[in-house]
Each structure stands twice: as C-alpha cells, then as structure tokens.
Amino acid sequence: MTPADFIDRHPGELLGRLQQLVGVSTVNPPGENYAPITAWLVHELESLGLKTRRYAIPAALLRRHLPPEQHGYPRYNVFAKLAVPGAKRTIHFNAHYDVVPVSGQWKHGSPFSGAIERGWIFGRGTADMKGSIASLLLAVRALRAAKVAPKMNVEISFTADEETDSALGTGWLVQHAPIKPDYAVVMEGGEGRNVCCGHNGTLWLEVIVHGRAAHGSTPHKGVNALEQMAALVRAFDAYKRTLAARPWKTPEGKIHRPTVNLGGVFHCGEGAKINTVPAHASFTIDRRVLPLERHADAERELRAFLAAAARKIPRCKITVRKISENFPCFSEPTHPFFAAMAGCVTRARRQKARFSVSTGFNDMHFFSHHLKIPTLGYGPGGEDCHGVDERAKVQELLASAKIYADLLTSFAG
Ligand SMILES: [Zn+2]
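Rules behind the numbers
- For every chain, the first residue of the written sequence is number 1, and numbering continues from 1 onward in sequence order.
- This being a predicted model, a pLDDT of at least 70 is required before a residue's local features are given, and a value of 80 or more before pairs of side-chain atoms are given or counted; all residues contribute to the totals for chains, interfaces and linings.
- Note that the side-chain values use all heavy atoms of the structure and ignore hydrogens as well as water.
- Only runs of H or I of at least four residues qualify as helices and only runs of E of at least two qualify as strands under DSSP, and these elements are numbered from the N terminus.
- Any pair of residues with heavy atoms lying within 4.5 Å of one another is described as a contacting pair.
- A pairing counts as a salt bridge when a side-chain nitrogen of Lys or Arg comes within 4 Å of a carboxyl oxygen of Asp or Glu.
- For every residue, the accessible area obtained with a 1.4 Å probe (protein chains only) is divided by the maximum for its type, and the residue is called buried under 20%, exposed over 50%, and partly exposed between those limits.
- Two strands form a pair only when DSSP identifies at least two bridges running between them.
- Only the contacting stretch of a helix is used when fitting its axis, a line to C-alpha atoms as for every element, and angles between N-to-C directions run 0 to 180 degrees.
- For this classification, under 35 degrees means roughly parallel, over 145 means roughly antiparallel, 65 to 115 means roughly perpendicular, and everything else is oblique.
- Crossing handedness is read from the near helix: turned anticlockwise from the far helix by less than a right angle, it gives a left-handed crossing, and turned clockwise, a right-handed one.
- Residue polarity follows a fixed list, in which Ala, Val, Leu, Ile, Met, Phe, Trp, Tyr, Cys and Pro are nonpolar, Asp, Glu, Lys and Arg are charged, and the others, Gly among them, are polar.
- The span expected for a helix works out to 1.5 Å for each residue beyond the first.
- Here a polar contact is recorded for every N or O atom pair within 3.5 Å, except that within protein the pair must consist of a potential hydrogen donor and a potential acceptor, and residues adjacent in sequence are included only if both atoms are side-chain atoms.

Asker: I'm lost on the environment of Arg-89 in this one. Help?
Answerer: Mapped onto the secondary structure, Arg-89 falls in the loop between β2 (76–82) and β3 (90–96). A C-alpha to C-alpha distance of 22 Å links Arg-89 and Ala-146, two positions 57 residues apart in sequence. In this structure Arg-89 touches Met-152, Asn-153, Asp-182, Tyr-183, Ala-412 and Gly-413, once residues within four positions along its chain are discounted.

Asker: What is the right way to look at the pattern of salt bridges in this model?
Answerer: Any two side chains of opposite charge can pair, given that their charged atoms come close. In the structure shown here, the tally under the stated rule is 24 salt bridges. The partner of Glu-44 in a salt bridge is Arg-141, with the nearest N and O atoms 3.6 Å apart. Here Arg-141 lies in helix α5 (residues 126–145) and Glu-44 lies in helix α3 (residues 34–47), a separation of 97 residues in the sequence. Salt-bridge contacts for Asp-182 lead to Arg-89; the nearest nitrogen and oxygen are separated by 3.8 Å. Separated by 93 residues along the polypeptide, Asp-182 in the loop between α6 (170–176) and β7 (183–186) and Arg-89 in the loop between β2 and β3 bring together distant segments of the chain. Judged by relative accessible area, which is 24%, Asp-182 ranks as partly exposed. By relative accessible area, Arg-89 is classed as partly exposed at 38%. Linked through salt bridges whose partners overlap, the residues forming this network are Glu-13, Arg-17, Glu-44 and Arg-141.

Asker: Sorry if this is basic, but what is going on with the sheet that holds strand β18 (residues 391–393) here?
Answerer: Pairing between the strands of a sheet comes from backbone hydrogen bonds, and it takes one of two forms, parallel or antiparallel. Here we have three strands laid out as an open sheet, ordered β4-β5-β18, and antiparallel in their pairing. Each of the sheet's edge strands pairs with one partner strand only, and the pair in question is β4 (116–117) and β18. Alignment of strand β5 (residues 120–122) against β18, held across three bridges, turns out to be antiparallel. Note on β18: the bridge partner recorded for Ile-121 is Ala-392. In the packing of helix α11 (residues 394–410) onto the sheet, the strands contacted are β5 and β18, and the crossing angle to β18 comes to about 65 degrees.

Asker: Would you explain the sheet that holds strand β12 (residues 259–268) in this entry?
Answerer: Read across the sheet, four strands follow the order β12-β13-β9-β14 without closing on themselves; strand pairing throughout is antiparallel. With one partner strand each, in any of the chains shown, β12 and β14 (317–326) form the two edges of the open sheet. The mean angle between the axes of side-by-side strands here comes to 20 degrees, regardless of whether they run parallel or antiparallel. Pairing analysis gives ten bridges linking strand β9 (residues 201–210) to strand β13 (residues 280–289), with the strands arranged antiparallel. Each bridged residue has a counterpart across the sheet, and for Val-207 the counterpart in β13 is Phe-283.

Asker: What's the story with the packing of helix α9 (residues 336–349) against α11 in this structure? I'm lost.
Answerer: Between two packed helices, the angle of one axis relative to the other and the distance separating the axes together describe the packing. The interhelical angle for the contact between α9 and α11, taken along N-to-C directions, is 135 degrees, at an axis separation of 9 Å. Compared by their axis directions, α9 and α11 come out oblique. As for the relative orientation of α9 and α11, their crossing is right-handed in sense. The residues of α11 that touch α9, namely those facing Phe-337, Ala-340, Met-341, Cys-344, Val-345, Arg-347, Ala-348 and Arg-349, are Glu-396, Ala-399, Ile-403, Tyr-404, Asp-406, Leu-407 and Ser-410. Of the residues assigned to the contact of α9 with α11, the class counts are ten nonpolar, one polar and four charged.

Asker: Would you mind showing me how to read helix α7 (residues 225–244) here?
Answerer: In an α-helix there are 3.6 residues to a turn, and that puts residues three or four apart on one side. Its 20 residues place the ends of α7 29 Å apart at the C-alpha level, agreeing with the 28 Å of an ideal helix rising 1.5 Å per residue. The complete set of buried residues in α7 reads Ala-225, Gln-228, Met-229, Leu-232, Phe-236, Tyr-239 and Leu-243. Each element contacted by the buried residues of α7 is listed here: β9, β12, β13, α8 (295–311) and β14. Between the side-chain oxygen of the N-cap and the backbone nitrogen of Leu-226 there are 2.9 Å, and the N-cap of α7 in question is Asn-224.

Okay, structure coming up:
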C-alpha cells in the first residue's frame, strides 16, 4: 500500500481530527484555549513518532507584547522533529492554529461544529488553517502505515497568533526554537494548482492630525483637524496614481501593483462635540509592499509624501506612528525545491501547477525573509475564510495530504 492509497482509504481519520481541532475554539484575539489545543497537538505528533516539545512564551514577553486584557491568555508554540537516518537536508512544515473571531448566523448553528455536508466541512478554522494541520498529520500517518521513510529530516511547527501579528508565534519560533530547516512549507497562501512563492508585505501607519479646538459658533478661531484630515486624504489621489504606475509581473503572469488603503480606522479625538471645532483627527494607512520593493524605501517614501502633503495645507500639523509591519517575501521559483513541489501538485491534480504570489501576507516571510531559505505556501485552503460558513473541501484536504506525502518521499533536497 502506498501513502496515497492509505490517504484515499482513511478520509475519516483526517475529518475526525479536523473536527476535534475545530471544536476547540482558539479565537484570537484574545487567544482562547491555546493550552488544550497545543496539548492535543503534542500528543498527536508524539504518537506519530516525532520528538515534540511545547514552548510556553514567558510571562514577561506576554506582558510586553500583548494588550493588558490578554495577559491572562498564555501563548504556546509546538515544535516537532523527525530525524531520518542518512538524510542530509531538513524540511519544515508550518501552520498556525489560531482563528479569527466569529459572528453572524452559521448554517449548522455553532461556528465550531465541524459539520460535514456534500463534500465540505464547515467551521471556523477549517480553511484558515486547521485543515492544513489535519492534512499534514494524515500525510505523516500514511508514510508510517506504508513504511516509507521521508527523504529529508522533518520539522513541524504549529504556532500561535498568526491572526494578530505572529510576534509570539512563528516570529518567536524562528528566533528561539532549535529549528534548522533548509526548506519551508507554510501550509497556506497557495492552493489548487497554485504554489505560492511569495507575498506582499504590509506597512501599517496611523496619522494623527493636530488642530485647535474652538467654539462651534466661532470656527475661525480654531484649526479644524477633520477638514485638514480630509485635505490630506484627498492628496493621496496623486500618490495612488504613482503607485499604480509601478506594475510587477508575477511568475504566473499576473500584474501586481503596490496599493494603499486609507482609513480602515479613523476617528476624532477627545472632546468630540457637534458645537466644537475638532482638535484631533486620525486615520490609518495600509500600504502593501510588493516583493520587489524595498520595505524601508517604501516607508521612507510614504513618510516623505505625508510630510510634503501636510506642508501644503495651511497650519496642518501631523504626527505619524507605525502600528506594525510585515516584510514582503519572494523566492524565484527556479530552485529544485519549487520544481519538486510543482511536480507533486501536478501529479495529484492532473493539472499543471503554476507559481503564484499572494497579495495578503502569511508566515512565509519568517522563513523566506528572516531565515533566507526557499519557502513556499501550499495547503487545502477553502471558502469564506474569516467569514460566515467558513469551509474546506474534503477532496482538497485529501489532495494536500497526498501532495505533502509525495514531497516527503520524492525530494531529498
Ligand atoms: Zn491563516
């Protein structure tokens, strides 16, 4: 029996485990139930013969990185290793186990049901990305059942907090855990025939406009921060055109451009009253940085643009604060690792694989940008990630399991 045969004959193993994973609500923020889910994951990995350790993030780090209301929610990362005699290289598989909050009316009642209907499994995290965890666990189980050894040493990490900033998740793992990978597969970002070889970065800023308060009946005595913010926002029209004139062709031939989104969050400061000239206004900027751009240059350019735009508006004073950033990443898919994965995807799907670049970010940059190793994104994915009735397709979960098993047994590095 080949690993693929085993996978075909045991869909129930995959779905049962995925239902268990989905049933533990790991909603982040605030970061619920990380302790029970990581304990379960450790048990699963150990039962597959992997040397496994769960790392608890020290309390001092929690206090430094998390808002006060989350200090009571511990963070854990799970790291497992399988040393293969004679193997020269090491491949690392990564998935995050946290999920985004839930809202709305779900078809099967609870968002954590794991209900199966017409080839789909429903629940928060089925697509993003507990399905990937279940697929990988079945792939490793299939190798054991078929008594086929991987051609590389295997590392597996299941990490926290990807849905916030990954600082205590994969960001912590690559700095503190004893990982030594030559290649990494982050099990999201690419799906179907698409193998993801990079993603955009993000630069998130907040712009605060400082005006001067005055009575609403004598607006000329104040400086209206809202009106200044509006003028500043309008000035972005030209900047957006500048960005749009910088197309980049991805390996699959799609055109990506740097983008900017304004005011995902915007408000006015204290003392907001209808009969007061607003003294404070603020808005956010979400700048997406293409893999070919230099992150630092993108930030410098944006800050210079803001300063110049503010100078053109009479009495406009602003301060700019960085909320967070993620680095873009891209590996030219010419390395044999990418060809090997493309081969696995093509074989499993009987459809030629292609290389894509994701506009949204995931944890790939920690391996690709920080560790500088060939990194790809591939997983079962699904529909309505972050939405109501999030679901994953059973066929895709099984296909990913076969693709992971194939990669482990066909590529030696
Ligand atoms: Zn995700």
